[in-house]
Structures are given as C-alpha cells and as structure tokens.
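One letter stands for each residue in the lines below.
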Amino acid sequence: MTDTDPAATAGTVADRARFAKELAQNAGALARSYFLRRSELDIETKRSAHDLVSEADRAVERMIRTAIAARFPEDALVGEEDGCRAGRSGFTWIIDPIDGTAPFLAGMPGWCVSIGLVDAQGPLVGAIEVPMLAESYLALRGQGATLNDRPIRVAQARTLADGLVGIGANDRISNRSFGTFLAEFGAAGGAWVRYGSGALMLAWVAAGRLIAYLEPRMNVWDCIAAHCLIEEAGGRVRPFDLDEGLMIPAPVLGASPAVFDTLQRLGRLEEDTFWVPQAISV
Ligand code: IPD
Ligand code: CA
Ligand code: CA
C-alpha cells in the first residue's frame, strides 16, 4: 500500500463509500449493456483457454479508473486488467470490472462488478453490483453491510450441516488436490455449490445465503470488496496480505464464524504445497 500524505486525503471515508456504491451501479449498467450484446464482443484468452477477457472487461475497468482518478486523484488503484497506479492518500481502490467473465460470456447471470477500498488497517469499503439480479451490496468498516439498502448478517451456522458452502477453483491449482479436497469435504458432511463469480458467492456469505465460500487461490480484486461485506455482516475472513502479497494469488475463505476453522482445516489452506499444480505425465 502507499505512504499517507495528510494533504492528499481530501474527501472523507463516507464520501468514498457513497461514491463506490454509485460507481459500482454505473459500471454495472455499462457491463449489462455489453452483456446484452455479448455475441458481438471481441474475446481474448489470457493465461489459458478458460482465462478470458473481453472488450467489456476492458471498457468497464477504464470507466471505473477514469471516475476514481477524476474524483480522488491522490488515491492508489489496482485493477485486474490495467494493473497498479500509485497514490499518496493512503487509500487504495481495488477493482474487478467483471468478476465471472466466463459466465458473463456464456450468457449466465452470475457475474458482478467488484469495487473495494483498503487502507493501512485493511478492507474499508466494499461495493458489489450484480446487474442481472438487481442486487447492490455495500459495506463500510464499522458501519455494517447492506443489500439494496437493507442490513445483512451472515448465517447462524454451527456446523457444515447447517447450510451450503460455495466453492471455486481455477487453473492455478492442482486438479488432483481439488478432487481430494472435495472428497474429504463431502465425507465431513459438507454440501457445496458454484454459481459463476467468486466475488458474488462471497457476497452471499455476507447475506447469509451461503455459510462459507472457499477458493484455494484468488487475486485480491476477486475478494477484497467482499471481505469488507463479510466482516461487516459478522463473518470471518482469512486476511489477504495487502502489502508484499498484494499481487500474489492467495487462499480465500469467508465464513460464518463457527464453521471457519473446520473449513480452513479441510481446505488445507495453510499447507503451502498441497494446492500447487503437479506436472502431468502422459
Ligand atoms: C474468476 C471468478 C471465478 C473464480 C476465479 C476467478 P474472473 O474471476 O471469480 O469465480 O473461481 O478464481 O479468477 O476471471 O471471472 O474475473
Ligand atoms: Ca475476478
Ligand atoms: Ca475479472
């Protein structure tokens, strides 16, 4: 994160939260307009055949970055498509213009715009906009979390039997380990779902729809806005390293407090080698 320059911190945290909500809604409307004509979009692959980016992702990120730079020029910015811009205010915006690009391009509704703001203490604001479900999530540290302006709380789960767990995976992890994990998770009585976007499933933990979300490797822009939502809704998250680890994919777990430790253990999230992909011999 950036060093703080008091002269550069114009605008309050509450200003930034209001701005984040409105910006996520405007960005969601722009993303939706691309979604409705998705068959015309230029699509590129990134690291692999399943890691996609379209002109919609790029245009929505450009729109968000331009709006933040105009309103809070001293704030730092990290975006999935266009990388980092340094700042002097001590605030860093962390954005994923479309989380769930693969479902977006396949015509499914489970995608969202994710805008987070962090400071030296961690997640400060989280705004997640889900245009196709008409859902706007917002959290501000110390002020609670809302869905469409109504307060939300995590589920009162005591054990894995008390609800559904969202699980995600990508090509950064070992498929064999993922199979092992799912077998152990099922044997422990867990039931899981996957619905498009990881950021959205994390928001659903905050809303009490899922009792947890677990993914072995995610980037900071996939999870940080939702971390703020979950913490403000009374849940627990595995903290993301916002200093040296900011740009390094890391394990993500957000949960109702009573099931957090069980899932952290079952997910072997602190075992450095378990999730590392193995070379495939044919
Ligand atoms: C992906 C989504 C997906 C998760 C992946 C992420 P993207 O982000 O969150 O649900 O499983 O790990 O990379 O590429 O759609 O922005
Ligand atoms: Ca993402
Ligand atoms: Ca994305």
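Let us look at the structure shown here.

What counts and what doesn't
- Residues numbered from 1 in each chain as written.
- Chains lettered and ligands numbered in written order.
- Predicted model: local features only at pLDDT ≥ 70, side-chain atom pairs only at ≥ 80, totals over all residues.
- Heavy atoms only, no water.
- Helix = DSSP H or I, 4+ residues; strand = E, 2+ residues; numbered from the N terminus.
- Rg over C-alpha atoms; globule rule 2.2 N^0.38 Å.
- Buried < 20%, exposed > 50% of the residue type's maximum accessible area, 1.4 Å probe, protein only.
- Expected span 1.5 Å × (residues − 1).
- Polar contact = N/O pair within 3.5 Å; in protein donor to acceptor, adjacent residues only side chain to side chain.
- Pairing = 2+ DSSP bridges.
- Core = buried A, V, L, I, M, F, W, Y, C linked by side-chain atoms within 4.5 Å.
- Domains from an automatic or database assignment.
- Contact = heavy atoms within 4.5 Å.
- Donors = N, O, S within 2.8 Å, 3.2 Å for Na, K, Ca; no water.
- Salt bridge = Lys/Arg side-chain N within 4 Å of Asp/Glu carboxyl O.
- 1 Å grid on protein atoms, 1.4 Å probe; cavity = no way out; pocket = protein on both sides within 12 Å on 5 of 7 lines; lining within 4 Å.
- Points joined across faces, edges and corners; volume = space filled by probe spheres on them.
- Nonpolar A, V, L, I, M, F, W, Y, C, P; charged D, E, K, R; others polar.
- Axes fitted to C-alpha atoms, helices over the stretch in contact; angles between N-to-C directions.

**Brief notes about the overall build of the protein**
Then, in step 1: Check the secondary structure of the protein and you find 7 helices and 15 strands.
Then, in step 2: Taken against the 2.2 N^0.38 rule, which gives 19 Å for 282 residues, the C-alpha radius of gyration of the protein at 18 Å falls within 12% of a compact globule.
Then, in step 3: By its C-alpha atoms, the protein is 55 × 45 × 35 Å across when sized along the principal axes.
Then, in step 4: Split into buried and exposed, the 282 residues of the protein put 53% on the buried side.

**Examining helix 2 (residues 55-71)**
Then, in step 1: With 17 residues, helix 2 extends 24 Å between its outermost C-alpha atoms, agreeing within 8% with the 24 Å of an ideal straight helix rising 1.5 Å per residue.
Then, in step 2: For helix 2, the N-terminal capping position is held by serine 54, with its side-chain oxygen 3.0 Å away from the main-chain nitrogen of alanine 56.

**Looking at the pairing of strand 3 (residues 76-79)**
Then, in step 1: Neither face of strand 3 is exposed, since Ala76 and Val78 on one face and Leu77 and Gly79 on the opposite face are all buried.
Then, in step 2: Across 4 bridges, strand 3 lies against strand 5 (residues 92-99) in parallel orientation. The partner of leucine 77 across the bridge, within strand 5, is tryptophan 93.
Then, in step 3: Direction of pairing for strand 3 relative to strand 4 (residues 83-85): antiparallel, over a ladder of 3 bridges. Within strand 4, the position partnered with leucine 77 by the bridge is arginine 85.
Then, in step 4: Hairpin connection between strand 3 and strand 4: a loop of 3 residues separates the two successive antiparallel strands.

**Concerning the nonpolar core**
Then, in step 1: Ranked by size, the top nonpolar core spans 40 residues in total, and within it Ile94, Ile128, Tyr137, Val220, Leu229 and Leu242 carry the most contacts.
Then, in step 2: With 9 residues, the top contributor of residues to this core is helix 6 (residues 220-232).
Then, in step 3: Of the domains in this structure, domain 1 (6-151) and domain 2 (160-267) are the two that each give at least three residues to this core.
Then, in step 4: With residues up to four places along the chain from it excluded, the contact list for isoleucine 128 reads Cys112, Val113, Ser114, Glu135, Ser136, Tyr137, Ala199, Ala203, Ala225, Ala226 and Leu229.
Then, in step 5: If you look at the next biggest cluster of nonpolar residues, it comprises 32 residues, including Ile68, Trp111, Val113 and Leu124.

**Considerations on the coordination of the calcium ion (ligand 2)**
Then, in step 1: Every protein donor of the calcium ion (ligand 2) is listed here as Asp96 (OD), Asp99 (OD) and Asp222 (OD), and their distances to the metal cover 2.0 to 2.1 Å.
Then, in step 2: Considered as a linear motif, the donors of the calcium ion (ligand 2) on their single chain read D-x2-D-x122-D.
Then, in step 3: Between the calcium ion (ligand 2) and the calcium ion (ligand 3), both coordinated by aspartate 96, there is a metal-metal distance of 3.6 Å. With a gap of 126 residues between them, aspartate 96 in strand 5 and aspartate 222 in helix 6 connect regions that are remote in the sequence.
Then, in step 4: For aspartate 96, a relative accessible area of 0% gives the class buried.

**Points about the pattern of salt bridges**
Then, in step 1: Summed over all chains, the structure comprises 12 salt bridges.
Then, in step 2: We note a salt bridge from glutamate 135 to arginine 209, for which the minimum N-O separation is 2.9 Å. One end of the pair, glutamate 135, is in strand 8 (residues 135-140); the other, arginine 209, is in the loop between helix 5 (198-206) and strand 13 (212-218), and 74 residues separate them in sequence.
Then, in step 3: Across the pair arginine 268 and glutamate 184 runs a salt bridge whose closest N-O atoms are separated by 2.8 Å. With a gap of 84 residues between them, arginine 268 in the segment after helix 7 (257-266) and glutamate 184 in helix 4 (residues 175-187) connect regions that are remote in the sequence.

**What about the layout of surface pockets?**
Then, in step 1: Put simply, the largest pocket is a space of about 830 Å³.
Then, in step 2: Listed by contribution, the elements that provide at least two residues to the lining of the largest pocket are strand 5, helix 3 (101-105), helix 5, strand 13 and helix 6.
Then, in step 3: If one sorts the elements of the lining of the largest pocket by residue count, strand 13 sits on top with 4 residues.
Then, in step 4: Residues belonging to the lining of the largest pocket are distributed by class as follows: 12 nonpolar, 10 polar and 13 charged.
Then, in step 5: Residues from two domains meet in the lining of the largest pocket; each of domain 1 (6-151) and domain 2 (160-267) gives at least three.

**What about the sheet that holds strand 11 (residues 165-167)?**
Across a sheet, strands are paired by hydrogen bonds formed along the backbone, either parallel or antiparallel in direction.
Then, in step 1: Pairing is mixed across the open sheet formed by 5 strands, whose spatial order is 12-11-13-15-14. Each edge of the sheet is formed by a strand with only one pairing partner; in this case those strands are strand 12 (192-193) and strand 14 (236-237).
Then, in step 2: As paired elements, strand 13 and strand 15 (residues 250-255) share 5 bridges and run antiparallel to each other. Each residue of the ladder has a partner; that of leucine 214, found in strand 15, is leucine 253.
Then, in step 3: Set on the sheet, helix 4 makes contact with strand 11, strand 12 and strand 13; between it and strand 11 the angle comes to about 170°.
Then, in step 4: Seen against the sheet, helix 7 touches strand 11, strand 13, strand 14 and strand 15 and runs at an angle of roughly 150° to strand 15.

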